[in-house]
Amino acid sequence: MYTVIGRANSRATRVLWMLEELAQDYEHIPAAPQSEGVVSFNPAGKVPVLIEDGTPITDSTAIIQYLADKHGALTFPAGTLDRARQDSLTQFLLDEFDAALWMAARHSFLLPEQLRQSAIKESLIWEFTNSQKTLVNRMGDGPYLMGHDMTVPDIILTHCGIWAKVAKFPIHEPRLSDYLTRMTARAPLARVLAMMG
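One numbering rule holds for all chains: residues counted from 1, following each sequence as written. For a predicted model such as this one, the threshold for reporting local features is a pLDDT of at least 70, and the threshold for listing and counting side-chain atom pairs is 80 or more; totals across whole chains, interfaces and linings nevertheless cover every residue. The basis for every side-chain value is the complete set of heavy atoms in the structure, and neither hydrogens nor water enter the calculation.

**Describing the overall build of the chain**
Part 1 of the reasoning: Secondary structure elements are defined from DSSP: runs of H or I of at least 4 residues count as helices, runs of E of at least 2 residues count as strands, and each element is numbered from the N terminus. Regarding its fold elements, the chain presents eight helices and four strands.
Part 2 of the reasoning: Written out in order from the N terminus, the α and β elements of the chain read β-α-β-α-β-β-α-α-α-α-α-α.
Part 3 of the reasoning: In summary, the chain has a C-alpha radius of gyration of 17 Å against a globular reference of 16 Å for 197 residues, a match within 12%.
Part 4 of the reasoning: Across its three principal axes, the chain shows a C-alpha extent of roughly 45 × 40 × 35 Å.
Part 5 of the reasoning: Exposure classes here rest on a 1.4 Å probe applied to the protein chains alone. A residue is buried below 20% of its type maximum, exposed above 50%, and partly exposed in between. Looking at the chain residue by residue over its 197 residues, the buried ones come to 47%.
Part 6 of the reasoning: Using a 1.4 Å probe, the Shrake-Rupley method yields the accessible areas, and only the shown protein chains count as cover for residues. Accessible surface, the chain as shown: approximately 10,000 Å² in total, 53% of it carbon and sulfur.
Part 7 of the reasoning: Between the averaged position of the 18 positive side-chain charges in the chain and that of its 22 negative side-chain charges there is a distance of 5 Å. With C-alpha atoms as the basis for the radius of gyration, the globule rule is written as 2.2 Å multiplied by the number of residues raised to the power 0.38. Charge convention: Lys and Arg are scored as positive, Asp and Glu as negative, and His as well as the terminal groups of each chain are ignored. For this purpose, a charge sits on NZ of Lys, CZ of Arg, CG of Asp or CD of Glu.

Okay, here's the thing in structure tokens:
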């Protein structure tokens with residue numbers, strides 16, 4: 001059985017959701033970043049951490065891709081062109097969506113107060129808005145990013161959409177808004193969101 005360390009209202013959402021989609025049993029320890037229960041497995045103090053057979057795996061993207069590969073679901077096989085396209089989308093989302101949201105969080109409440117630059121949020125929202133335009137041109141014809149198959153990038157993008165709403169980063173593209181409405185209605189994600197109480 002897997003153990004997931006990290007509060008559900010963090011990037012641990014991605015890991016918990018992946019495990020729910022895969023119908024895998026897991027134990028969830030809702031530890032806060034930098035807490036003793038996290039630092040003992042990840043010296044950086046960041047969540048999530050997945051423990052399997054006593055081995056910790058860190059970084060939400062690495063974890064969910066590992067789980068997808070291991071269980072042969074929500075991913076295309078390594079070494080295929082579809083997998084290359086999938087990995088390209090994953091990297092785009094991390095660079096353009098996740099990074100902007102993370103930078104805004106750092107300058108809102110994570111960095112020491114004297115180092116925060118509140119004005120940076122305006123430029124990050126501008127970049128986030130432009131990235132939406134690029135993304136909708138890369139979306140497949142089906143209900144998911146890659147077309148008719150749900151894959152790892154869908155989990156990352158949907159989580160970023162949830163995060164954007166909390167951070168007040170507007171979604172301007174109707175196609176992306178419709179996509180996020182559809183994805184957040186999935187029962188496996190609803191079970192994770194219920195953990196946030």
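**A word on the nonpolar core**
Part 1 of the reasoning: What we call a nonpolar core is a set of buried Ala, Val, Leu, Ile, Met, Phe, Trp, Tyr and Cys residues that are connected through their side-chain atoms within 4.5 Å. In terms of nonpolar packing, the biggest core is built from 50 residues, with Met18, Leu67, Phe97, Leu135 and Phe169 touching the most fellow members.
Part 2 of the reasoning: Broken down by secondary-structure element, the contributors of at least two residues to this core are strand 1 (2–5), helix 1 (12–21), helix 3 (60–71), helix 4 (81–110), helix 5 (120–138), helix 6 (152–167), helix 7 (174–184) and helix 8 (187–194).
Part 3 of the reasoning: With nine residues, the single largest contributor to this core is helix 4.
Part 4 of the reasoning: Once you skip the residues sitting within four places of it in the chain, Met18 turns out to touch Ile64, Leu67, Ala68, Leu74, Val152 and Ile155.
Part 5 of the reasoning: Counting residues in hydrophobic clusters, the runner-up holds six residues, among them Ala31, Val38, Val47 and Val49. Any two residues whose heavy atoms approach within 4.5 Å are treated as being in contact.

**Digging into the packing of aromatic side chains**
Part 1 of the reasoning: Aromatic rings from Phe, Tyr and Trp, taking only the six-membered ring of Trp, are treated as a pair when their centres fall within 6.5 Å; an angle between ring planes under 30 degrees marks them as stacked, one over 60 as edge-to-face, and anything in between as tilted. Taken as a whole, this structure holds three aromatic pairs when the rule is applied.
Part 2 of the reasoning: Ring centres of Phe128 and Phe169 lie 5.3 Å apart, and the angle between their planes is 90°; on these two criteria the pair is classed as edge-to-face. In this pair, Phe128 sits in helix 5 while Phe169 sits in the loop between helix 6 and helix 7, placing the two residues 41 residues apart along the sequence.
Part 3 of the reasoning: The buried category is assigned to Phe169, whose relative accessible area is 3%.
Part 4 of the reasoning: An aromatic cluster is defined as three or more aromatic residues linked by ring pairs; in this entry it consists of Phe92, Phe97, Phe128 and Phe169.
Part 5 of the reasoning: Geometrically, a charge over a ring is one whose NZ (Lys) or CZ (Arg) sits within 6 Å of the ring centre while staying within 35 degrees of the ring normal. Over the ring of Trp102 we find Arg11, and its NZ or CZ is 4.9 Å from the ring centre.
Part 6 of the reasoning: The aromatic ring of Phe92 is capped on one face by Arg138, whose charged end is 5.2 Å from the ring centroid.

**Examining the packing of helix 3 against helix 4**
Part 1 of the reasoning: Note on geometry: axes are lines fitted to C-alpha atoms, helical ones only across the stretch in contact, with angles between N-to-C directions running from 0 to 180 degrees. Viewed as axis vectors pointing N to C, helix 3 and helix 4 meet at an angle of 160°, and their least axial separation amounts to 12 Å. Put simply, helix 3 runs roughly antiparallel to helix 4. Crossing angle aside, the handedness with which helix 3 passes helix 4 is right-handed. Residues Thr61, Gln65 and Asp69 of helix 3 touch helix 4, and the partners they reach there are Arg83, Gln86, Asp87, Thr90 and Leu94.
Part 2 of the reasoning: Under the scheme applied, nonpolar residues are Ala, Val, Leu, Ile, Met, Phe, Trp, Tyr, Cys and Pro; charged residues are Asp, Glu, Lys and Arg; polar residues are all the others, including Gly. By residue class, the composition of the contact of helix 3 with helix 4 is one nonpolar, four polar and three charged. Any angle from 65 to 115 degrees is called roughly perpendicular, while one under 35 is roughly parallel, one over 145 is roughly antiparallel, and all others are oblique. Handedness of a crossing is defined here by the sense of rotation of the near helix relative to the far one, left-handed for an anticlockwise turn of less than a right angle and right-handed for a clockwise turn.

**Remarks on the environment of Asn42**
Part 1 of the reasoning: Looking at the element boundaries, Asn42 is found in the loop between helix 2 (36–39) and strand 3 (49–52).
Part 2 of the reasoning: If we ignore the near neighbours within four places in the chain, the residues touching Asn42 are Val49 and Thr58.

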